[in-house]
Amino acid sequence: MGQPGRVLPAVPVIMWFRRDLRLADQPALRAAVDRASATEGSVLPLFVLDPRLGSMSGQNRLAFLYRSLRSLQSDGVPLVVRLGEPERELPALAAELGASHVYATADFGVYGHDRDRRVGDALRRRGVAFEAVESNYVIPPGSVRKGDDTPFKVFTPYKRVWETLADGVRPSGRIDPHLVPWWRDTVSEEIPADPAGASGFLPEASETAAHERLRRFLAGPVDDYREARNIPGADATSRLSADLKYGLLHPRQILPSLHGRGAGADVFRSELCWREFYADVLWHRPETARRSLITAMDEIRVDEGPLADGRFDAWRLGRTGYPFIDAGMRQLLREGWMHNRVRMAAASFLVKDLHLDWRRGARWFMDQLVDGDLASNQHGWQWTAGTGTDASPYYRVFNPILQGKKFDPDGDYIRRYVPELGDVSNRFIHEPWLAPSTTAALFDTEVTGTIPSYPQPIVDHFAERLDALARYEEIRSADGSRIGDAR
């Protein structure tokens, strides 16, 4: 890699960091270092703050990103930050420095793939090579195919092939930043301060913290993951989703530790595979970021207007009157994260109890989630809404009361995020409207002190379930041939 302190030549290789903000198992950086070493050159580490991506990112994701960048700098990477459109910034910087190569981890996202095409074209016009190395996934989207070379539309057969391909994958070692011949003579923008509206409960954003979260998970919770992952009141999940989103950790670094660990580890490996399956679906069908995969489902009747808007606001603020749903939505507002079991219940409530378009809820989640990943978010919503591949049948409507009773039986999760219900007994914690008159004050419409009263249910779940099924029957009867076109 070269010796520290030696005089560097004038022409660096550019390493363009994106969703790979780490030093361990970093093939793109390794390729850049190898290129620099072969030519007795140096490596300029670059991050471009793309205003288009910034405008699409919620405050929690931006805060986590900025903290990850600062952590990378503190780990010994003299990161150069530029603000602007990458197709302008990369060619301009390469021309300024006389750089001949730009390296980056391949991006298979809808926006990222198109952006990289534009950047590559602009660089090549200037005689600069753009090399995209590997990906943020164990198996790059588009690589897992059927025998007839068509993409999978159902998870289980996809998983069988994915597991075969993933079995031999192993991570590479850590690059010592003190041994890299970094280029240090370029002016950098400051990494922005955290947005004012970001949650105060975001996880620590660093490669070291990501590995500590993984270590903690593997030390015990993974063994009970098969069942405990559904209990939102327990600390039983990995909490690695934001780390995977920004590449503080690569899934390739997790897989070897799961072999032979039992049923819990097998289920967690399946969750990693789901993440890659959804990325694969979005790669083949990029329009499904905004449209239903089962196109006929876009015709289902949804509610609009002031009443619908008011119900949406009650949902996003955790004021629906259904404690399990409200606890999840308030967790999202407070922490920028929500337990996956509650994500499914909250999504079902919006689509099938409030009869609102799934895209409306998906946009709100993407705006709030620190781990907001377009493929996982959009297709997770489509699974619940019954509009996507491998979808939960539309007639499966999550009961917001029974979900709470089953997965938060003592109301621990509810009381954590809905303090108004702190004194309600376990018997009524999931249906506080049935509580005796001594707790009737909970439902006053007045505001007492600084804590608003808890609302009555804004809809009758059982009536709305029947309405949801009737709306589904309308389109199924009209065009039943297309309802199953994603299977």
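Preceding this section is the structure that the text describes.
Just so it is clear, the structure is predicted and the values come from calculations on it, not from any experiment. Within any chain, residue numbers begin from 1 and follow the written order of that chain's sequence. Per-residue local features are limited, in this predicted model, to residues with pLDDT of at least 70; the limit for side-chain atom pairs, both in listing and counting, is 80 or more; totals at the level of whole chains, interfaces and linings are taken over all residues. Heavy atoms from the whole structure form the basis of all side-chain values; hydrogens and water molecules are not counted.

Any carboxyl oxygen of Asp or Glu that lies within 4 Å of a side-chain nitrogen of Lys or Arg is treated as forming a salt bridge with it. Inspection of every chain in the model, using the stated rule, returns 40 salt bridges. A salt bridge links Asp235 to Arg216; the shortest N-O distance between them is 3.9 Å. Here Asp235 is found in the loop between α8 (225-228) and α9 (241-246), whereas its partner Arg216 is found in helix α7 (residues 207-218), with 19 residues between them in sequence. In this structure, Arg359 and Asp298 form a salt bridge, with 3.0 Å as the shortest nitrogen-oxygen distance. A residue pair is termed long-range when its members are at least 10 positions apart, and Arg359 in helix α14 (residues 358-368) and Asp298 in the loop between α10 (263-284) and α11 (306-316) qualify at 61 residues. In terms of burial, Arg359 and Asp298 fall into one category: buried. One salt-bridge network, in which partners are shared between bridges, spans Asp50, Arg52, Glu87, Asp114, Arg117, Arg118, Asp121 and Arg124. Each helix corresponds to a stretch of at least 4 residues labelled H or I by DSSP, and each strand to a stretch of at least 2 residues labelled E; elements are numbered beginning at the N terminus. Burial here depends on accessible area, computed with a 1.4 Å probe over protein chains only, as a share of the maximum for the residue type. Under 20% is buried, over 50% is exposed, and the range in between is partly exposed.

Turning our attention to the sheet that holds strand β4 (residues 101-105). Strand order in this open sheet of 5 strands is β3-β2-β1-β4-β5, and the pairing throughout is parallel. The sheet is open, and its two edges are formed by β3 (80-83) and β5 (129-133), each paired on a single side. The average undirected angle you get between the axes of adjacent strands in this sheet is 30 degrees. Strand pairing is assigned whenever DSSP detects at least two bridges linking the two strands. For helices, the fitted axis covers only the stretch in contact; all axes are lines through C-alpha atoms, and the angles between them, taken along N-to-C directions, range from 0 to 180 degrees.

This part covers the pairing of β5. As defined by bridge partners, β4 adjoins β5 across 5 bridges and the pair is classed as parallel. Bridge pairing in β5 links Val102 to Phe130. With strands facing away from the observer, any crossover in which the path from the first strand over the helix to the second runs clockwise is taken as right-handed. With helix α5 (residues 110-125) bridging β4 and its parallel neighbour β5, the resulting β-α-β unit is right-handed.

In a packed pair of helices, the relevant descriptors are the angle between the two axes and the axis-to-axis distance. Across the interface, α11 lies against α14 with an axial gap of 12 Å and an inter-helix angle of 35 degrees. The handedness of the crossing between α11 and α14 is right-handed. Judged by residue contacts, Ala308, Asp309, Phe312, Trp315 and Arg316 of α11 engage Arg360, Gly361, Trp364 and Phe365 from α14. Think of it as three bins: nonpolar holds Ala, Val, Leu, Ile, Met, Phe, Trp, Tyr, Cys and Pro, charged holds Asp, Glu, Lys and Arg, and polar takes everything else, Gly as well. Partitioning the contact of α11 with α14 into residue classes produces 5 nonpolar, 1 polar and 3 charged. The handedness criterion is simple: a crossing whose near helix is rotated anticlockwise from the far helix by less than a right angle is left-handed, and one whose near helix is rotated clockwise is right-handed. Contacts between residues were defined by any pair of non-hydrogen atoms, one from each residue, lying within 4.5 Å.

In this section: the packing of aromatic side chains. Side-chain rings of Phe, Tyr and Trp, where Trp is taken by its six-membered ring, are said to pair if the distance between their centres is within 6.5 Å; with planes under 30 degrees apart they count as stacked, over 60 as edge-to-face, and otherwise as tilted. Per the stated rule, a full pass over the model turns up 21 aromatic pairs. A centroid spacing of 5.7 Å and a plane angle of 65 degrees characterise the contact between Phe155 and Phe277, whose relative ring orientation is edge-to-face. Within this pair, whereas Phe155 is found in helix α6 (residues 155-166), its partner Phe277 is found in helix α10, the two being separated by 122 residues in sequence. Each member of the pair, Phe155 as well as Phe277, carries the same accessibility label: buried. Their ring planes at 70 degrees and their centres at 5.6 Å tell us that Tyr322 and Trp433 sit as a pair that is edge-to-face. Residue Tyr322 is found in the loop between α11 and α12 (323-335), and its partner Trp433 is found in the loop between α17 (412-417) and β6 (447-448); the two are separated by 111 residues along the sequence. Given a relative accessible area of 23%, Trp433 falls into the partly exposed group. An aromatic cluster of at least three residues, connected via ring pairs, comprises Phe152, Phe155, Tyr158, Trp274, Phe277 and Tyr278.

Turning next to the environment of Gly58. Locating Gly58 in the fold gives a position in the loop between α2 (51-56) and α3 (59-74). Using a relative accessible area of 2% as the deciding quantity, one classes Gly58 as buried. In this structure, the C-alpha to C-alpha distance between Gly58 and His178, residues 120 residues apart in sequence, is 34 Å. Leave out the neighbours within four places in its chain, and Gly58 touches Met366 and Asp367.

Before going further, it helps to examine the pairing of strand β1 (residues 12-17). The element β1 is extensively covered by neighbouring structure, given that 6 of its 6 residues are classed as buried. Alternating positions in β1 separate into two faces, Pro12, Ile14 and Trp16 on one and Val13, Met15 and Phe17 on the other, with burial throughout. The handedness of the β1 to strand β2 (residues 42-49) crossover, carried by helix α1 (residues 27-38), is right-handed. As judged from the 2 bridges shared by β1 and β4, these two strands associate in the parallel manner. The residue bridging Met15 from the neighbouring strand is Tyr103, located in β4.

What follows is about the environment of Ala129. Its place among the elements puts Ala129 in strand β5. Classification of Ala129 as partly exposed rests on a relative accessible area of 26%. Taking the C-alpha atoms as reference, Ala129 lies 9.2 Å from Ala99; in sequence the two are 30 residues apart. Beyond its immediate chain neighbours, meaning those up to four positions away, Ala129 contacts Ser100, His101 and Val102.

On to α14, then. Extensive coverage of α14 is indicated by the burial of 8 of its 11 residues. Buried within α14 are the following residues: Trp358, Arg359, Gly361, Ala362, Trp364, Phe365, Met366 and Gln368. Those residues of α14 that are buried lie in contact with α3, α11, α12, α13 (340-353) and α15 (374-385). For α14, the side-chain oxygen to backbone nitrogen distance between the N-cap and Arg359 is 2.9 Å, and the N-cap itself is Asp357. Whenever a nitrogen or oxygen atom comes within 3.5 Å of another N or O atom, the pair is scored as a polar contact, on the condition that within protein one atom can donate a hydrogen and the other can accept it, and that pairs from neighbouring residues in sequence are kept only if both atoms are in side chains.

This paragraph deals with unusual backbone geometry. Phi is positive for Asp25, close to 50 degrees, though the residue is something other than glycine. Looking at the element boundaries, Asp25 is found in the loop between β1 and α1. At Glu40, a residue that is not glycine, the phi angle is positive and equals roughly 55 degrees. For Glu40, a relative accessible area of 60% gives the class exposed.

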